[in-house]
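# Results of the structural survey
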Amino acid sequence: MVLAYTEGLHGKWMFSEIRAVFSRRYLLQNTALEVFMANRTSVMFNFPDQATVKKVVYSLPRVGVGTSYGLPQARRISLATPRQLYKSSNMTQRWQRREISNFEYLMFLNTIAGRTYNDLNQYPVFPWVLTNYESEELDLTLPGNFRDLSKPIGALNPKRAVFYAERYETWEDDQTPPYHYNTHYSTSTSTLSWLVRIEPFTTFFLNANDAKFDHPDRTFSSVARSWRNSQRDTSDVKELIPEFYYLPEMFVNSNGYNLGVREDEVVVNDVELPPWAKKPEDFVRINRMALESEFVSCQLHQWIDLIFGYKQRGPEAVRALNVFHYLTYEGSVNLDSITDPVLREAMEAQIQNFGQTPSQLLIEPHPPRSSAMHLCFLPQSPLMFKDQMQQDVIMVLKFPSNSPVTHVAANTLPHLTIPAVVTVTCSRLFAVNRWHNTVAPGYSLDQAHHLPIEMDPLIANNSGVNKRQITDLVDQSIQINAHCFVVTADNRYILICGFWDKSFRVYSTETGKLTQIVFGHWDVVTCLARSESYIGGDCYIVSGSRDATLLLWYWSGRHHIIGDNPNSSDYPAPRAVLTGHDHEVVCVSVCAELGLVISGAKEGPCLVHTITGDLLRALEGTENCLYPRLISVSSEGHCIIYYERGRFSNFSINGKLLAQMEINDSTRAILLSSDGQNLVTGGDNGVVEVWQACDFKQLYIYPGCDAGIRAMDLSHDQRTLITGMASGSIVAFNIDFNRWHYEHQNRY
């Protein structure tokens, strides 16, 4: 299999690493495949014909399109049409119920409709959502600041809309079917012009343009200018790309390219941002917030109708002022029927120039998202504000032993066999405390049948402590803390490190029995972490050691062991060895979605590695941030590090220091909310505090507890915070991130 643009062997990919296989179009022909790998990369192949595509799918592993969209992992799913994938998936319902964000849903629609980062002609399409790029402050409660998503870009300005409607109605060319627009909302040229400041797009741009940058007046130099052009210029109807909602680097000329001087004598350098965004990170964050706002949520289905749905073609498209050149539509041309190679090449060049309309996913109106208010009355909704007066503390559970609770894992998803809060004490006594999720929104607590956490009966009545006590000897010099333990996502196994023989060990939470011993380090293992789980319970485990290295392991959810093979479970091999620290590793965090491991040693900078073992960069703190102790990373690519003596830093995954603060508490536990926007901290003074992660603005302080906090976790619905206390108890708090955001976050 040889990729277009390359000669000879292009690369090797392990079958065992393949996670998803999608059918793709190339130049409007259904002859391509895109293969997604475990290390978060993907590769696209184009084949001579559809029969070959089918053969290849049947020789690749049976993974379907992965596990994210609620579809069976079958080869027929890899060969299904975009429309079939849309119909069979559960993502639309999940979006309506607000279980996934607008951003995630748009990425899903783009992905199944054939949009890909591997083809600039079919790059993912995202909408412009704001119209105000001029004012000093942006009020996200004002409808006037938002674009009307029921109209295509070309129809927003009524004067210009008349021009397009007339062009269509007075069409005279018999050779070409009529259209409103002679340019498209997504072309390789527009994608490259948005991303011209960052590699590899700079090189692609120069290769396509005789090694020259564009005329400075045409170069993307200001967000406000680009929005104005898309409203005035009759040949500009560009929508956005997803990077506008997550990649601040695209606005910075960090390589110092000479992009020329505009006619108004302004030097083109970094992209000019709206006055309401002081830095690129602000712009991306606020633009993303606008995308997730109520105004966009309640109209987004209308934009989906235009780009992916029933207004994409046919009489509805004519009515909506949404008809593009016929060569942008699938099915408009069969390249195989063109036998003359010169004609065929000309046709291919035209298709590449005109842009390509995504595959049509539905031919009826897309359903709207449920309103946030409507969801108030559904149990399990993660979104609604609880009664403002509801008390902060739900309950306190005091275990019979006074040993500090040093680890808390709240695996509370309702589909688990045992939804539970698993706790471990300093004396390595663990408890599986059942989770009763009866506190649905809309009820007051006294109406609930019982409290959310029920103490493990074996601990409560002291009857089965032998099934809950880990007796294996730990190295005397190890300080037992939250980093010494990992609980698997199904609550059935607990992994523990710190043993004198340089191993870490796996125990069954049901029986307390040892089920696996894992060797690999040259010195005592000092910390463990696990990534989020894939469906089936597979995840990554990282171990850090006094030997200054980390090892990345694979936990098999099916076999409940480290490693893929139950026959060789005595000596599993690590997936990667991560090096670069000079001292004992003390903290680590791993994110499967980003494919990254971030680790800190006793002293020195934190390091960012890929899950294949490459060292990407060091996160250099300021001069007094030398001793990292806690790390939390969000799938949005923000990394919060706590250093000794109350110092916090927030880094972007690309190594930029975004914010820092100092507090008067010796912090023992930190957590980020699932959307990465909120940081929760707790420490020796027994106070839980909530901060806005991007700038460490304080959002809330809980009433103090009578003991220090040693560990924390959040329930899956982000509504209950459970803390492990130095006094041997756990405390459950009501938490509501939305409330603080609505109180603080409508104006910028």
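Residues numbered from 1 in each chain as written. Predicted model: local features only at pLDDT ≥ 70, side-chain atom pairs only at ≥ 80, totals over all residues. Heavy atoms only, no water.

The name an unreviewed UniProt entry gives the chain is Neurobeachin, with Gopherus agassizii as the organism.

## Digging into the sheet that holds strand 19 (residues 596–601)
Put simply, the rule reads: DSSP bridges decide pairing: two strands pair if at least two such bridges lie between them. Helical segments are the DSSP runs of H or I of at least four residues, strand segments are the runs of E of at least two, and each set is numbered from the N terminus. The axes are straight lines fitted to the C-alpha atoms, using for helices just the contacting stretch, and the angles between their N-to-C directions are given from 0 to 180°.
Taken in spatial order, the 4 strands of this open sheet run 18-19-20-21, and their pairing is antiparallel. Because the sheet does not close on itself, it has two edges, and the strands there are strand 18 (585–591) and strand 21 (615–619). Averaged over all neighbouring strand pairs, the angle between strand axes comes to 20°, with direction disregarded.

## Focus on the packing of helix 5 (residues 102–112) against helix 12 (residues 300–307)
What counts, and what does not: An angle below 35 degrees is treated as roughly parallel, one above 145 as roughly antiparallel, one from 65 to 115 as roughly perpendicular, and anything else as oblique. What makes a crossing left-handed is the near helix being turned counterclockwise from the far one by less than a right angle; a clockwise turn instead makes it right-handed. Between two residues, a contact is recorded if the distance between any of their heavy atoms is within 4.5 Å. Gly is placed with the polar residues, together with every amino acid not listed as nonpolar (Ala, Val, Leu, Ile, Met, Phe, Trp, Tyr, Cys and Pro) or charged (Asp, Glu, Lys and Arg).
The geometry of helix 5 relative to helix 12 is characterised by a closest axis approach of 12 Å and an angle of 15° between their N-to-C directions. Between helix 5 and helix 12, the interaxial angle falls into the category roughly parallel. Crossing geometry of helix 5 relative to helix 12 is assigned as right-handed. Contacts from Asn102, Tyr105, Leu106 and Leu109 in helix 5 reach Leu300, Trp303 and Ile304 in helix 12. In the contact of helix 5 with helix 12, the residues fall into 6 nonpolar, 1 polar and no charged.

## Thoughts on the UniProt feature "domain: BEACH" (unreviewed entry) in the chain
Rule in force here: UniProt positions are given in the numbering used here, feature names are shortened, and annotations may be inferred rather than shown by experiment.
Within this structure's numbering, the places UniProt gives as "domain: BEACH" (unreviewed entry) are residues 80–369. Segment residues 80–369 splits into 36% helix and 0% strand. End C-alpha atoms: 26 Å apart.

## Quick word on the packing of aromatic side chains
Where two aromatic rings form a pair, the distance of their centres and the angle of their planes describe that pair. Heads up, the rule is: For this analysis, a ring pair means two rings from Phe, Tyr or Trp (six-membered ring only for Trp) whose centres lie within 6.5 Å, classed as stacked if their planes differ by under 30 degrees, edge-to-face if by over 60, and tilted for the remaining angles. Each residue is placed in one exposure class: buried if its accessible area under a 1.4 Å probe, protein chains only, is under 20% of its type's maximum, exposed if it is over 50%, and partly exposed if it falls in between. Either the NZ atom of lysine or the CZ atom of arginine qualifies as a charge over a ring when it sits within 6 Å of the ring centre and within 35 degrees of the ring normal.
One pass over the full model with this rule turns up 41 aromatic pairs. Consider the rings of Trp128 and Phe244, whose centres lie 6.2 Å apart with planes at 50°: the pair is tilted. In this pair, Trp128 sits in the loop between helix 5 and helix 6 (158–169) while Phe244 sits in the loop between helix 9 (223–232) and helix 10 (280–291), placing the two residues 116 residues apart along the sequence. Relative accessible area serves as the criterion here: at 0%, Phe244 is assigned to the buried category. With 4.9 Å between their ring centres and 40° between their planes, Tyr181 and Phe324 make a pair best called tilted. One end of the pair, Tyr181, is in the loop between helix 6 and helix 7 (188–194); the other, Phe324, is in the loop between helix 13 (315–319) and helix 14 (341–354), with 143 residues separating them in the sequence. In terms of burial, Tyr181 and Phe324 fall into one category: buried. Here the guanidinium or amino end of Lys238 rests over the ring plane of Trp194, the centre of that ring lying 5.5 Å away. Directly above the aromatic system of Tyr554 lies the positively charged group of Arg575, at a separation of 4.3 Å from the ring centroid.

## Regarding the environment of Asp119
The topology assignment puts Asp119 in the loop between helix 5 and helix 6. The sequence separation of Asp119 and Arg25 amounts to 94 residues, and the corresponding C-alpha distance is 9.8 Å. The residues contacting Asp119, other than those within four sequence positions of it, are Tyr26 and Met44.

## Focus: the side chain of Ser599
Heads up, the condition is: Pairs of N or O atoms are called polar contacts if they sit within 3.5 Å, as long as, within protein, a hydrogen donor faces a hydrogen acceptor (for residues adjacent in sequence, only side-chain-to-side-chain pairs).
Among the secondary structure elements, Ser599 is positioned in strand 19. Only 2.8 Å separates the side chain of Ser599 from the side chain of His581, close enough to count as a polar contact. Aside from chain neighbours lying at most four places away, what touches Ser599 is Leu550, His581, Cys587, Val588, Cys606, Leu607 and Ile631.

## A word on the domain arrangement of the chain
Interfaces are often sized by the amount of accessible area the parts lose when they come together. What counts, and what does not: Domain borders in the structure are assigned automatically or taken from a domain database.
Along its sequence, the chain is carved into domain 1 (2–79), domain 2 (101–362), domain 3 (391–442 + 449–472 + 659–747) and domain 4 (486–619). Measuring from the centre of the C-alpha atoms in domain 2 to the corresponding centre in domain 4 gives 43 Å.

## Observations regarding unusual backbone geometry
Across the junction of Glu199 and Pro200, the peptide omega takes the value 5°, indicating a cis bond. Relative to the assigned elements, Pro200 resides in the loop between helix 7 and helix 8 (201–208). We note that Ala548 has phi near 75°; this positive angle belongs to a residue other than glycine. Residue classification places Ala548 among the buried positions, given a relative accessible area of 12%. Phi at Gln718 is positive, roughly 65°, even though this residue is not glycine. Mapped onto the elements, Gln718 comes out in the loop between strand 30 (709–714) and strand 31 (720–725).

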